[in-house]
Amino acid sequence: MNTSNEPLGDPAHDRRPPQDRTVIGLVAATAAGSAAARRLADAWPDRTRRYDEGPVRTAVARAFEDCDQLVCFLATGATVRLLAPLLRGKAADPGVVCVDEAGRFAVALLGGHGGGANDLAAEVAELLGDGCTPVVTTATDAVGIPGLDSLGWPVEGAVAAVTRAVLDGAPVALRADATWPLPALPPHVGVRGVAADVRLHVTDRRLPLAAREAVLRPPSLVVGVGASRGVGVDEVLGLVSDALDEAGLSPGSVAALATVDAKAGEPGLLAAAERLGVPLRTFPAAGLAAVDVPTPSAAPLAAVGTPSVAEAAALTAAGPGAELLVRKRKSAPADRPAMATCAVARRRPRGRLAVVGLGPGARDLLTPRARTELRRASVVVGLDQYVAQIRDLLRPGTRVLESGLGAEEERARTAVAEARAGHAVALVGSGDAGVYAMAAPALAEAGPDGGSGGSGGADPCGADIDVVGVPGVTAALAAAALLGAPLGHDHVSVSLSDLHTPWEVIERRVRAAAESDLVVTFYNPRSRARTRQLPEALALLAKHRGPATPVGVVRSASRPEEHVLLTTLAELDPETVDMMTVVTVGNSATREIAGRMVTPRGYRWQT
Ligand code: SAH
């Protein structure tokens, strides 16, 4: 339960991969299958349960009943026959992965999106290793389009028909009440498809749906609830359901229940939240008392210290810009006094700004999290050469706003403006996006309104976008790994670019690094026009360390033109250095060992 008074995070963002809370049943019938099942059970002791006793038919049936996901070490044919009589429906069935006898394939057989089988197949394949390949056949994954049921939002109506049209490239009209940070949808899905009879709605309002229409429910509503001690769960749920019904709102869009701290342990409220599948968020009475509400009253003031619980909690949980859609109303049990109140507020949608480091260049040094953020974005902002590095990873329909060198502030402004407009934006930069790069100007631009949405923490005084940072492998680290272990003891990075920093400041820092015997990595060491700085900086270091001090020069780390040179302070030729290079200068203990640059940890050299 969340008891702080931060505005709501988007549940889609907070969504954990299903594996964090699910139980995986492992069904095996053969010796090889059991061996593979044991490997999974050993690796995931808390997530797995083994079913390899008795006839396989009963084992599958029991696992299907008990577990959220199944891994069957059986042929797909056998698994299909065993599952067929058990199937209930897409929303209720567990995700099922099949692994063949030789462990070559992990096939997502059932519940690819909703049941998490696609992700599980990937995980199982990775764990079994030795060339085990995950097999995913859901169409949306194959063509890079987000499945309507993979967004973590409830979806209703003709999901299959709309998905089919999206996949086939047929025009689909998109009718959204507001801009939500959804992943990119292909260009034939949008306002231009207004005439289409296939429609995708994004709304919290109840709608009559025609045969070829589906509706995605954004997490836009917060229901504030007040309760007397001992209130029953059915009274709370009945009240909430009536309030939503009468206002024409869908329960699928309810993102949270909210109340006052004093009711945090009220069983009827906790049970109601659980049945709705949302968190119960609670707030201090003093904070709620300060909220301007239409229907204050004396009773809660006397009981819990605020004149409003339901309205004030709904508005507070819904965050800045919230709108009260349903005023406080009471439950109306036939036979006794009302014990519950509720009110409904609508959140202003919050865009998402992900600041994503792409690593030094090689695709396998791009982190999986960075890849996920790129595919979650509908807008990508960055320097043209960095965008080129990852363009193939973007979903079709992603809007790419690229610019040339130098336009940093403009890029930062654009990224923040797009996020403020409600979009899911990825601002990309090479290496780590926070190191001599875009994160700092972007966060300055986002200002006090930028929350930190990733961890659920956010600025309580007005977060209007979620900001998420994805770390990347910075050039100093990519270079260090190529050189050996030059950063084994204390080290600093210094940019020699005096474009934004006066040379006197840079000099002072280099001198301090020299005096403190720190290993130094120079970024932006030398350009065609800026040739003076590197020799001057090296001369400052040479006052405090010997001419034989190892120096590593790495150009285009992890790119096809990669070049690594290990030399010394005395012998370094500045001509070998350009803007694609970092230069790492050892400290007084750094040694060359078997062609590698090594800085021992501590100054007692191991003999
Ligand atoms: N954000 C980037 C740094 C941007 S400053 C990062 O974290 O790596 C640009 C400087 O980084 C270049 O002048 C060069 O010194 C260094 N650099 C970036 N990528 C590099 C690479 N692949 N190999 C060597 N140096 C690199």
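Refer to the structure presented above.
Since the model is a prediction, treat every value here as computed from it, not as a measurement.

**Q** Tell me about the overall build of the protein, and name the residues and values.
**A** A count of helical and extended segments in the protein gives 19 helices and 30 strands. For the protein, the spread of C-alpha atoms along the principal axes amounts to about 95 × 65 × 55 Å. In the protein, which comprises 607 residues, the proportion classed as buried is 49%. Put simply, 66% of the contacts in the protein that link residues at least 6 apart link residues at least 24 apart. Looking at the protein as shown, the accessible area adds up to about 27,200 Å², and 53% of this sits on carbon and sulfur atoms. Of the charged side chains in the protein, 62 are positive and 67 negative, and the gap between their average positions amounts to 1 Å.

**Q** If you had to explain the packing of helix α18 (residues 503-515) against helix α19 (residues 533-542) to someone new, which residues and values would you point to?
**A** Direction vectors running N to C along α18 and α19 enclose 30°, while the axes themselves pass 8 Å from each other. Comparing the axis directions of α18 and α19 gives the class roughly parallel. α19 is crossed by α18, and the crossing has right-handed handedness. Taken together, the residues of α19 that come into contact with α18 (itself represented by Trp503, Glu507, Val510, Arg511 and Ala514) are Gln533, Glu536, Ala537, Leu540 and Leu541. Tallied by class, the residues present in the contact of α18 with α19 amount to six nonpolar, one polar and three charged.

**Q** I'd love a proper account of the pattern of salt bridges, names of residues and values included.
**A** Tallied over the full model, the rule gives 26 salt bridges. For Glu235, the salt bridge goes to Arg336, with nearest N and O atoms at 2.9 Å. With Glu235 in helix α8 (residues 233-247) and Arg336 in the loop between β15 (323-330) and β16 (340-346), this pair connects stretches of sequence that are 101 residues apart. Looking at Glu235, the relative accessible area reads 12%, which means it is buried. On the accessibility criterion, Arg336 (39% relative accessible area) is partly exposed. We note a salt bridge from Asp466 to Arg350, for which the minimum N-O separation is 2.4 Å. Of this pair, Asp466 sits in strand β22 (residues 465-470) while Arg350 sits in the loop between β16 and β17 (351-357), and the two are 116 residues apart along the sequence. For the pair Asp466 and Arg350, a shared accessibility class is recorded, and that class is buried. Several salt bridges share partner residues, and in doing so they unite Asp204, Glu323 and Arg346 into one network.

**Q** Could you give me a rundown of the packing of aromatic side chains, with the residues and numbers involved?
**A** Counted according to the given criterion, the structure contains two aromatic pairs. For Arg47, the ring lying beneath its charged end belongs to Trp44, and the centroid distance is 4.4 Å. When the ring centre of Trp503 is taken as reference, the NZ or CZ atom of Arg532 above it lies at 5.5 Å.

**Q** Give a detailed account of helix α13 (residues 368-376), specifying residues and quantitative values.
**A** Of the residues making up α13, those classed as buried are Ala370, Glu373 and Leu374. Taken down its axis, α13 places every buried residue within 100° of arc, on the same side. For α13, exposure combined with an orientation more than 90 degrees from the buried face picks out Pro368 and Arg369. Where α13 is buried, its residues meet β17, α14 (384-390), β20 (424-429) and β22.

**Q** Which residues make up the site of the ligand, and what are the values?
**A** Close contacts around the ligand come from 20 residues, with Val435, Thr474, Ala557, Met579 and Thr581 the closest. Contacts to the ligand include Val435, whose backbone N or O atom sits 2.7 Å from a nitrogen atom. One nitrogen or oxygen atom from the side chain of Thr474 is found 2.6 Å from an oxygen atom belonging to the ligand. The residue inventory of the shell around the ligand, partitioned by class, reads twelve nonpolar, six polar and two charged.

**Q** Account for the sheet that holds strand β12 (residues 221-227), naming residues and giving values.
**A** Either a parallel or an antiparallel arrangement is found when strands of a sheet pair, and the pairing is made through backbone hydrogen bonds. Taken in spatial order, the five strands line up as β14-β13-β12-β16-β15 in an open sheet, and their pairing is mixed. At either margin of the open sheet sits one strand with a lone partner, and together these are β14 (280-283) and β15. The sheet shows a mean angle of 25° between the axes of neighbouring strands, direction not considered. Where β12 lies against β16, seven bridges are found, and the strand directions are antiparallel. For Val223, the partnering residue across the bridge sits in β16 and is Val344. Its contacts with the sheet place α8 against β12, β13 (254-260), β15 and β16, and it is angled at close to 40° to β16. Contacts between helix α12 (residues 310-318) and the sheet are confined to β12, β13, β14, β15 and β16, with β16 contributing the most and set at about 30° to the helix.

Each value, and the rule that gives it
- Residues numbered from 1 in each chain as written.
- Predicted model: local features only at pLDDT ≥ 70, side-chain atom pairs only at ≥ 80, totals over all residues.
- Heavy atoms only, no water.
- Helix = DSSP H or I, 4+ residues; strand = E, 2+ residues; numbered from the N terminus.
- Buried < 20%, exposed > 50% of the residue type's maximum accessible area, 1.4 Å probe, protein only.
- Contact = heavy atoms within 4.5 Å.
- Areas by Shrake-Rupley, 256 points an atom, 1.4 Å probe, with all protein chains shown as cover.
- Lys, Arg positive; Asp, Glu negative; His and termini not counted.
- Charge placed at Lys NZ, Arg CZ, Asp CG, Glu CD.
- Axes fitted to C-alpha atoms, helices over the stretch in contact; angles between N-to-C directions.
- Parallel < 35°, antiparallel > 145°, perpendicular 65-115°, else oblique.
- Left-handed = near helix turned anticlockwise from the far one by under 90°.
- Nonpolar A, V, L, I, M, F, W, Y, C, P; charged D, E, K, R; others polar.
- Salt bridge = Lys/Arg side-chain N within 4 Å of Asp/Glu carboxyl O.
- Phe/Tyr/Trp six-rings, centres within 6.5 Å; stacked < 30°, edge-to-face > 60°.
- Lys NZ or Arg CZ within 6 Å of the ring centre and 35° of its normal.
- Arc of directions from axis to C-beta.
- Near = heavy atom within 4 Å.
- Polar contact = N/O pair within 3.5 Å; in protein donor to acceptor, adjacent residues only side chain to side chain.
- Pairing = 2+ DSSP bridges.

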